[in-house]
Amino acid sequence: MFDCIIIGGGPAGLNAALVLGRAKRKVLLLDENKPRNAVTHASHGFLTRDGIEPSAFKEAAYADLRKYPNIEWTQVRVGAMTKEQSGFSVQTEKKETYHARKILLATGLKDHLPDIAGIESFYGSSLFPCPFCDGWELRDRPLVVICEDERVLHSGKLIWNWSKDLVICTNGQRFLTDEQKKPFLANGIEIIEEEITALEGEDGQLQNIRFADGQEINRKGGFVAVDLQQAAAFGKALGCTYNEQGGIKTDPFGRTSVAGVYASGDTTFNGPQQLILAAAEGSKVGAGIVIDLVEEEF
Ligand SMILES: Cc1cc2nc3c(=O)[nH]c(=O)nc-3n(C[C@H](O)[C@H](O)[C@H](O)COP(=O)(O)OP(=O)(O)OC[C@H]3O[C@@H](n4cnc5c(N)ncnc54)[C@H](O)[C@@H]3O)c2cc1C
């Protein structure tokens, strides 16, 4: 019986494992190793790790965990979990079953891109979801903001911070009123509401965008509004409450509405999605789990 099984080995799960391990707890980390940022070549904004390759970040994290023999991990997809009288059982897709007193869900989110042919080949190379993560690398270039809904009222303005040469594309959606367009046009931001028919470029580098009405524009990168969905449905299956954003609702120590089940990282939708914030949540939930275990044992 493990003290805690962690599902998901992104920064949230890995940092929780470190804190639990350093508290002498018997920990099992089960990770399929398909993190959100796998498509990128470099991660930014994490102090001491700025610009690191996602795979190198993970290697450094596992080098830290290796110091603690009470932490085990394996690369596997978890298929199901069930609540038992004295804890939880977790079944992997390799048909192994593990038991633990506590469960930490750190399974992250998945990005669903707008339905534009070929967009995947630029996502993570020259089209990104977040300017705080990749805005510096694209600064002052001719950029595009692809957004099909009212989130553009916020993101179009924000991304203007990194480049004044900006075109907003709504990919055929005509929801912006003349009043809403005014401040963008006044700041020199073009708005194209035609459907995008092609994104063109080489080796992930966006160069050209074609539209249904025949026009084309030259852009050197940009940002795209994605739909974020839970990567796993374990929270629902276990009966956890969700917040308005669709994240698993937790208290500041990562406790969910179900006793013994904790959540951390992107899966909680607790504000911006960034590596350092996921790691920080992992650290807090690790402490929360130790506190609860001690309360039960003392
Ligand atoms: C293109 C892109 C670029 C980004 N760039 C940056 C950046 O530069 N800086 C930054 O701070 N943030 C960046 N981010 C955001 C960052 O990737 C996330 O905020 C961060 O990865 C969240 O960490 P997490 O631990 O919550 O989840 P993740 O890192 O997504 O890890 C979740 C893990 O859980 C695993 N998992 C899910 N379901 C199961 C299952 N059933 N069984 C076993 N394992 C499972 C997944 O395979 C994955 O390994 C970027 C995101 C994207 C999409």
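For clarity, every value in this text was computed on a predicted model and none was experimentally measured.

Topic: the domain arrangement of the protein
Reports often express the size of an interface as the amount of accessible area lost when the parts come together.
Now for step 1: The domain architecture assigned to the protein consists of domain 1 (2-109 + 230-297) and domain 2 (114-224).
Now for step 2: Measuring from the centre of the C-alpha atoms in domain 1 to the corresponding centre in domain 2 gives 34 Å.
Now for step 3: The interface is formed by seven residues belonging to domain 1 together with ten residues belonging to domain 2.
Now for step 4: Summing the contributions of domain 1 and of domain 2, the shared interface buries around 590 Å²; its carbon and sulfur component is 48%.
Now for step 5: Our count for the contact surface shared by domain 1 and domain 2 stands at zero salt bridges.
Now for step 6: The residue makeup of the side of domain 1 that touches domain 2, split by class, is two nonpolar, four polar and one charged.

As for the packing of aromatic side chains
Now for step 1: Applying the stated rule across the entire model yields four aromatic pairs.
Now for step 2: Their ring planes at 65° and their centres at 5.3 Å tell us that Phe46 and Phe57 sit as a pair that is edge-to-face. Of this pair, Phe46 sits in the loop between β2 (27-31) and α2 (54-65) while Phe57 sits in helix α2, and the two are eleven residues apart along the sequence.
Now for step 3: Looking at Phe46, the relative accessible area reads 17%, which means it is buried.
Now for step 4: By relative accessible area, Phe57 is classed as buried at 12%.
Now for step 5: Considering the side-chain rings of Tyr62 and Trp73, the 5.1 Å spacing of their centres and the 40° angle between planes classify their relative orientation as tilted. Taken together, the positions of Tyr62 in helix α2 and Trp73 in strand β3 (residues 71-75) put the pair eleven residues apart, joining distant regions of the chain.
Now for step 6: Relative accessible area serves as the criterion here: at 14%, Tyr62 is assigned to the buried category.

Some remarks on the pairing of β2
Now for step 1: In terms of burial, β2 is largely enclosed, as five of its five residues are buried.
Now for step 2: When strand β1 (residues 2-7) meets β2, the two strands line up parallel, connected through four bridges. Bridging from a neighbouring strand, Ile5 pairs with Leu28 of β2.
Now for step 3: For the segment spanning β1, helix α1 (residues 11-22) and β2, crossover handedness is right-handed.
Now for step 4: Pairing of β2 with β3, which is carried by five bridges, proceeds in the parallel orientation. Looking at the pairing, Val27 lines up with Ile71 of β3.
Now for step 5: Between β2 and its parallel partner β3, the chain crosses via α2, and the hand of that crossover is right-handed.

A look at the packing of α1 against α2
Now for step 1: Put simply, α1 and α2 touch, their axes get as near as 10 Å, and they point 15° apart. Compared by their axis directions, α1 and α2 come out roughly parallel. Of the two elements, α1 crosses α2, and the hand of that crossing is left-handed. Where α1 approaches α2, its residues Pro11, Leu14, Ala17 and Leu18 are matched on the opposing element by Phe57, Ala61, Tyr62, Asp64 and Leu65.
Now for step 2: Per-class residue counts for the contact of α1 with α2 are eight nonpolar, no polar and one charged.

Looking at a nonpolar patch on the surface
Now for step 1: Together, Leu47, Ile276 and Leu277 make up an exposed nonpolar region whose accessible area comes to about 270 Å².
Now for step 2: Considering the arrangement of structural elements, one finds Leu47 in the loop between β2 and α2.
Now for step 3: For Leu47, a relative accessible area of 70% puts it in the exposed group.

A word on the UniProt feature "domain: FAD/NAD(P)-binding" (unreviewed entry) in the protein
Now for step 1: Per the UniProt record, "domain: FAD/NAD(P)-binding" (unreviewed entry) is annotated on residues 2-146 and 176-282.
Now for step 2: The straight-line gap between the two end C-alpha atoms of residues 2-146 is 46 Å; of that span, 19% is helix and 33% is strand.

Side note on α2
Now for step 1: The end-to-end C-alpha separation of α2 is 17 Å, in line with the 16 Å expected for twelve residues at 1.5 Å each.
Now for step 2: Every buried residue of α2 is accounted for by Pro54, Phe57, Lys58, Ala61, Tyr62 and Leu65. Considered in projection along α2, the buried side chains sweep an arc of 130° and stay on one side of the axis.
Now for step 3: Those residues of α2 that are buried are in contact with α1, β2 and β3.

Some remarks on empty space enclosed by the protein
Now for step 1: Scanning the entire structure with this criterion turns up two cavities of 30 Å³ or more.
Now for step 2: Residue lining of the largest cavity: Gly265, Asp266, Thr268, Phe269, Asn270, Gly271, Pro272, Gln273, Gln274, Leu277, Ala278 and Glu281, and that is the complete set.
Now for step 3: A class-by-class count of the residues in the lining of the largest cavity yields four nonpolar, six polar and two charged.
Now for step 4: Taken together, Leu105, Thr107, Gln230, Ala232, Phe234, Gly235, Tyr242, Ile248 and Thr267 make up the full set of residues lining the second largest cavity.

Rules of the game
- By convention here, each chain's residues receive numbers from 1 onward along its written sequence.
- Only residues with pLDDT of at least 70 get local features here, since the model is predicted, and only at 80 or more are side-chain atom pairs given and counted; chain-wide, interface and lining totals rely on the full set of residues.
- No hydrogens and no water enter the side-chain calculation; it runs on all heavy atoms of the structure.
- Bear in mind that the domain bounds are from an automatic or database domain assignment.
- Throughout, a contact is declared for two residues whenever any of their heavy atoms are within 4.5 Å.
- By definition, the buried area sums, over both parts, the 1.4 Å-probe accessible area that each loses when the two are put together.
- Throughout this description, the term salt bridge denotes a Lys or Arg side-chain nitrogen within 4 Å of a carboxyl oxygen of Asp or Glu.
- Each residue is assigned to one of three groups, with Ala, Val, Leu, Ile, Met, Phe, Trp, Tyr, Cys and Pro labelled nonpolar, Asp, Glu, Lys and Arg labelled charged, and all others, Gly among them, labelled polar.
- For Phe, Tyr and Trp, rings pair up if their centres lie within 6.5 Å, where Trp contributes its six-membered ring, and each pair is then called stacked (planes under 30 degrees apart), edge-to-face (over 60) or tilted (otherwise).
- Secondary structure elements follow DSSP: runs of H or I no shorter than four residues count as helices, runs of E no shorter than two count as strands, and numbering proceeds from the N terminus.
- For each residue, the accessible area found with a 1.4 Å probe, counting protein chains only, is set against the maximum for its type, and the residue is called buried under 20%, exposed over 50%, and partly exposed in between.
- What makes two strands pair is DSSP finding at least two bridges between them.
- Seen with its strands pointing away from the viewer, a crossover is right-handed if its path from the first strand over the helix to the second goes clockwise.
- To obtain an axis, a line is fitted to C-alpha atoms, over the contacting stretch when the element is a helix, and the angle between two such axes runs from 0 to 180 degrees between their N-to-C directions.
- For classification, angles of less than 35 degrees are called roughly parallel, those exceeding 145 degrees roughly antiparallel, those between 65 and 115 degrees roughly perpendicular, and all remaining angles oblique.
- Should the near helix be turned counterclockwise from the far one by less than a right angle, the crossing is left-handed, whereas a clockwise turn marks it as right-handed.
- The residues that make up patches have over 30% relative accessible area and no salt bridge, and they are joined within 9 Å when like-charged or within 5 Å when they are Val, Leu, Ile, Met, Phe, Trp or Tyr.
- For the area figures, the Shrake-Rupley method with a 1.4 Å probe applies, and any residue is considered shielded solely by the protein chains shown.
- UniProt positions are given in the numbering used here, feature names are shortened, and annotations may be inferred rather than shown by experiment.
- Each helix should span, by expectation, one fewer than its residue count multiplied by 1.5 Å.
- Throughout, the arc means the angular range of directions from the helix axis out to the C-beta atoms.
- In this analysis, the protein atoms alone were mapped onto a 1 Å grid. Cavities are point sets where a 1.4 Å probe fits without being able to get out; pockets are open sets with protein on both sides within 12 Å along at least five of seven lines; lining residues have an atom within 4 Å of a point.
- Grid points are joined across faces, edges and corners, and a volume is the space filled by probe spheres set on the points.

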